[in-house]
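# Examining the three-dimensional arrangement
So you can see what is in the structure, the chains are spelled out below.
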Amino acid sequence: MPSTGKLRVIRRVNLLISAALLAIATISPAFAGWGMPDPITDQAKRIQDLWVFTLIIALAVFFAVEGALLYAIIRYRKRGDELPKQTHGSTALEIVWTSIPVLIVIALFSYSFIVLRDVEKKAPEDALSVDVTGFQFSWEFVYSLNDLGTNTDPNADGQISIIGTAAQEPTLVIPVGEPVEFRLKSNDVIHAFYVPNFHYKLDVVPGRDNRFVITANETGEFTGSVRSCAG
Amino acid sequence: MASHAVATQHKQGLSNGMLGFILFLASEVMFFGGLFAAYFIARADAREWPPEYLLTPEQVASGVKLEVEFWLPFIATILLVLSSVTIQFAVFSIQRGNRSGLIRWTFVSIVLGLVFLVMQVYDYSQLHFGVGDTIYGTTFYTMTGFHGLHVAGGVIFMGIILARSLAGQFTAANHEAVEACSFYWHFVDVVWIALFTTLYIIP
Amino acid sequence: MTSIAIPRPAYAERPWILDWLMTVDHKKLGILYLYTTMFFFAVGGILALLVRTQLAVADNTFVNNDAYNQIFTMHASAMLFLFIIPVWAGFGNYIVPLQIGAADMAFPRINALSFWLIPPAGLLMFSGFLFGGAADAGWTAYSPLARGSGVGLDLWIISVIILGVSSTIGAANFMVTMFRMRAPGMTMFRMPIFCWTMLVTAVLQLLATPVLASALAMLYIDRNFGGSFFDPNGGGNAILWQNIFWFYSHPAVYIMILPGMGIISEVLPVFARKPLFGYKAFVFATMGIGGLGFSVWAHHMFTTGAVLKPWFGFMTFMIGVPTGVKMFNWLGTLWRGSITFEAPMLFALGFLSMFLIGGINGTFSAAVPVDFAIHDTYFVVAHIHYVLFGGAVFAVFAGLYYWFPKIWGRRLDERLARIHFALQFIGFNLAFFPMHLLGLDGMPRRIATYSESSGWETLNLISTIGAFLIGVAMIPFIINVVMAFLRPKDQPNDPWEANTLEWWTTSPPPVHNFDSLPEVHSERPLWDLRHGKTAH
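Residues numbered from 1 in each chain as written. Chains lettered and ligands numbered in written order. Predicted model: local features only at pLDDT ≥ 70, side-chain atom pairs only at ≥ 80, totals over all residues.

A few words now on the interface of chain B and chain C. Listed as interface residues are 37 residues of chain B and, on the opposing side, 46 residues of chain C. Elements represented by at least two residues in the side of chain B that touches chain C include exactly strand 1 (3-4), helix 1 (16-45) and helix 5 (134-166) of chain B. The greatest single-element share of the side of chain B that touches chain C, amounting to 18 residues, is contributed by helix 1 of chain B. (Contact = placed C-beta atoms within 7 Å. Helix = DSSP H or I, 4+ residues; strand = E, 2+ residues; numbered from the N terminus.)

If you look at the interface, chain C gives 75 residues, while chain A gives 71 residues. Elements that contribute at least two residues to the side of chain C that touches chain A include exactly helix 8 (238-272), helix 9 (279-292), helix 10 (309-334), helix 11 (343-366), helix 12 (368-374) and helix 14 (414-440) of chain C. For the side of chain C that touches chain A, the element with the highest residue contribution is helix 10 of chain C, accounting for 15 residues. Taken together, the residues of the side of chain C that touches chain A break down into 44 nonpolar, 22 polar and 9 charged. (Nonpolar A, V, L, I, M, F, W, Y, C, P; charged D, E, K, R; others polar.)

Our focus in this paragraph is helix 8 of chain C. Taking 1.5 Å of rise per residue, the 35 residues of helix 8 of chain C would be expected to cover 51 Å, and the 51 Å separating its terminal C-alpha atoms lies within 8% of that figure. The buried count for helix 8 of chain C comes to 35 of 35 residues, which makes it a mostly enclosed element. (Expected span 1.5 Å × (residues − 1). Buried ≥ 20, exposed ≤ 12 C-beta atoms within 10 Å, placed from the backbone.)

The predicted structure's coordinates, where accompanied by low pLDDT, should not be read in detail. Residue and element names in this part refer to chain C. Model confidence for chain C is summarised by a mean pLDDT of 92, while 97% of its residues fall at 70 or above. Ranking the elements of chain C by mean pLDDT puts helix 1 (residues 16-22) last with 88 and helix 2 (residues 26-55) first with 97. Note on residues 1-5: pLDDT is under 50 here. Beyond four places in sequence and across chains, it has 7 contacts. Both scores are given for the predicted complex: the pTM is 0.90, the ipTM 0.91. (pLDDT = per-residue confidence, 0-100.)

So, about the pairing of strand 4 (residues 179-186) of chain A. Bridge analysis of strand 1 (residues 128-135) of chain A against strand 4 of chain A gives 7 bridges, and the strand direction is parallel. Bridge assignment links Leu128 of chain A to a residue of strand 4 of chain A, and that residue is Val180 of chain A. (Pairing = 2+ DSSP bridges.)

The next point concerns helix 14 of chain C. Given a rise of 1.5 Å per residue, 27 residues ought to cover 39 Å, and the 39 Å separating the end C-alpha atoms of helix 14 of chain C matches this to within 8%. Directly after helix 14 of chain C, the chain includes Gly442 of chain C, whose backbone phi takes a positive value near 100°.

Take Ala238 of chain C: it is sitting in helix 8. Through-space distance from the C-alpha of Ala238 of chain C to that of Ser228 of chain C is 9.7 Å; in sequence the pair is 10 residues apart. The residues contacting Ala238 of chain C, other than those within four sequence positions of it, are Ile190, Val205, Pro206 and Gly207 of chain A together with Ser143, Pro144, Phe230 and Pro232 of chain C.

The amide bond that connects Trp49 of chain B to the next residue, Pro50 of chain B, takes the cis arrangement and shows omega of 0°. When you line up the elements, Pro50 of chain B lands in the loop between helix 1 and helix 2 (57-61). One non-glycine residue with positive phi stands out, namely Thr134 of chain B, at about 65°. Mapped onto the secondary structure, Thr134 of chain B falls in helix 5. Residue Arg336 of chain C is not a glycine yet carries a positive backbone phi of 60°.

Next up on the list: the packing of helix 1 of chain B against helix 6 (residues 176-201) of chain B. Residues and elements named next belong to chain B. The contact between helix 1 and helix 6 brings their axes to 11 Å, and the two run at 15°. Between helix 1 and helix 6, the interaxial angle falls into the category roughly parallel. Considering how the two elements wind past one another, helix 1 and helix 6 form a crossing that is right-handed. On helix 6, the residues that touch Gly17, Met18, Phe21, Leu25, Glu28, Phe32 and Tyr39 of helix 1 are Glu176, Glu179, Ala180, Phe183, Tyr184, Phe187, Val191 and Thr198. Each residue belonging to the contact of helix 1 with helix 6 can be placed in one class, and the counts come to 10 nonpolar, 2 polar and 3 charged. (Axes fitted to C-alpha atoms, helices over the stretch in contact; angles between N-to-C directions. Parallel < 35°, antiparallel > 145°, perpendicular 65-115°, else oblique. Left-handed = near helix turned anticlockwise from the far one by under 90°.)

This is the structure we're talking about:
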């Protein structure tokens, strides 16, 4: 017969796991945007949708498996000296539970593939482009005034360069509602250009021409992060 | 209830030692695989090969030229292939119980290996670029250098085999170390053929 | 069946210290491995506490940037290269020959060499602190950053190459041992599942570690002889390092977790009193993970813009399939069992519940656009710790509690073990769950501090409290071990009523391991003896 000590353990395991479940259940929706910062670009919105889709599947899998585990722990704890039936496996079950993850994988992959294609669409010819140079430990932004289009004085000419320092972060202002292309380059180590509200990050690699496009849809001031370690 | 004694080595097929040695060689293949991968990625990145356009004016002024000489390494290659044949003769000899043949052919293989090393060092001294002169120099010296270390290791290995042969330790039934040594030497040879083809012929 | 006399080497009497230094006995070497790796686990843990102390509050100045870079680099390096990878070699050394009914490993002296490379390599890596600073470029040592770092990084490179040699020759040793030295009747598909996971791990080590060695050699040449492997100005390629490094290091993640899965698969059947559900499916899933492990390395590099994203994303999702099969098989093992909750089982169940999270939160990085958001943030730090702490470390403790009676002849106290488990379980989740949220909110990994305006302070403080709770959890464990050593050896051959051959011999086993072996008809020879052979 199970001793009281063993029962106590069972309860403690239950308690711990349900506490963890509870924590996850309460924290997740409590954060707006399902844990992600506000998306401020069209691309970020798509990425956030994919995040939510993946998260829902992940939570479903988590609760199903963790629930089954808890059920097994409680229901099948030792009650007597009788040996349980010695089942060695089941080919049918193996096929079933190989297929389930395969189906989930296909669903997740298909959706993420579509989103990937959309967020990596190339910029139109006339899009504003910003040359971004990463150095230790800040950024330089360069763009041509000619590209600014309708939002600015059409007579303005020349280039604007904004250089930051480690202490003073550079501020880049971009127009809302039209695509902007960022061209990243580095002369020293690998950096990553990352603005959390873009939900996007691209490495700035010496010797590579990495580009990405965003279309901002919200005004405001957003902080990016300088990464010089890239790991 | 029947009891068994503890399992001892299975006698059929490869011995444990040879199996372990072949696994070791597999790991060596992966090591050189990493170096070859680096080389081919560099070539794929380069606009032209050898990448003369990467040389700085200072490097050009100091006489750096990214080119290798063909004939000396070619002769060295033939000698190395020959040494692979001679070490195999050493194995054949001891398989028939011919100890003096083993000693003779092992000795010849060692000499050929040493000549290869001397030629490689001489070849290095004739080149007009160093390990720091673009990715060309870096990959060239790294790959041939690591191979050269393996040749040196093989010569030492054969030296041990020669010493043990002179001490009469090998027989027709017991000469596993000789076979392991020949495996290693063939491996070194095959790597060199791949290196020679890649570094000296493809450009 | 006739019994053959077992050849027993005559051991000359040696002082015990020389006996330990010169031993080629797989059991003594296994114990040396375990002591050494647990030592580095403690060192890595202290470094982790320094990291968490620095991050506990915003704008902290507990350590400066340079010191912080060294601390997190050495924390990861110690935990990965000096703790997790060799700790499996330690368990494998002690257990594999016993489980397959062999008298020793195939190459005892090479085995001793594998072990004795580790302590000097560890000292070498840490000696950087004496020579102007240890390695500080992260355990991934990304170039070009790593090309310009101090001498500590050279020591790090040499140390990791030595450790690589140790695990490569160790891998060959394990493979030959398992291919050639199994007991009569033990076919490959009757081999205990822990052996199978060690075998697949050995294959990964044998094929992947030399590739890392080649990358490290290139980095060393770049740093010391003016090479340009990773320097675009000399025609090199900055991404090349990442490609070669992850070609090793992704399989290395499975090197770090597969033997842990093996231990769990030994423990669950014993304490659920049922065979492992779907033994063969489990073996194939292990091979599948090993094989897929070589085709997903670039999922660490989606944001470089230099890799084929859909392909590597798909292959990464696919890893979830064999992992899912394993999870279901573990549940199938528990299902309709007769479960008791001794210490090894507690940690095994802890593994199941936490590794599940580590599996699930990894899929987010396979969804490439989501990875753009979470790459290089604390989300990834949460993921790696749910896999390697929630997975591997829980499995290490399951293994220690499970085999302690066999290895040291004494049983660890159950009450202290439960306290240890509860503290570690709570501390672990407190420490690492908040990192998901921090990462989503954009907190980059490896930053030495953050500003108050970021709003990350509360979660970081919770995480730090959790980390210290993990530290506290080690106290009952250490007390438990010390108290056990003070008691006499009193354990029977098979205190758990287990299934595999290591429980057939005495606890601890004699130098030659076995006086005799039972016939092996299934993967559970001892169960068959106790209960009669069960139908398959």
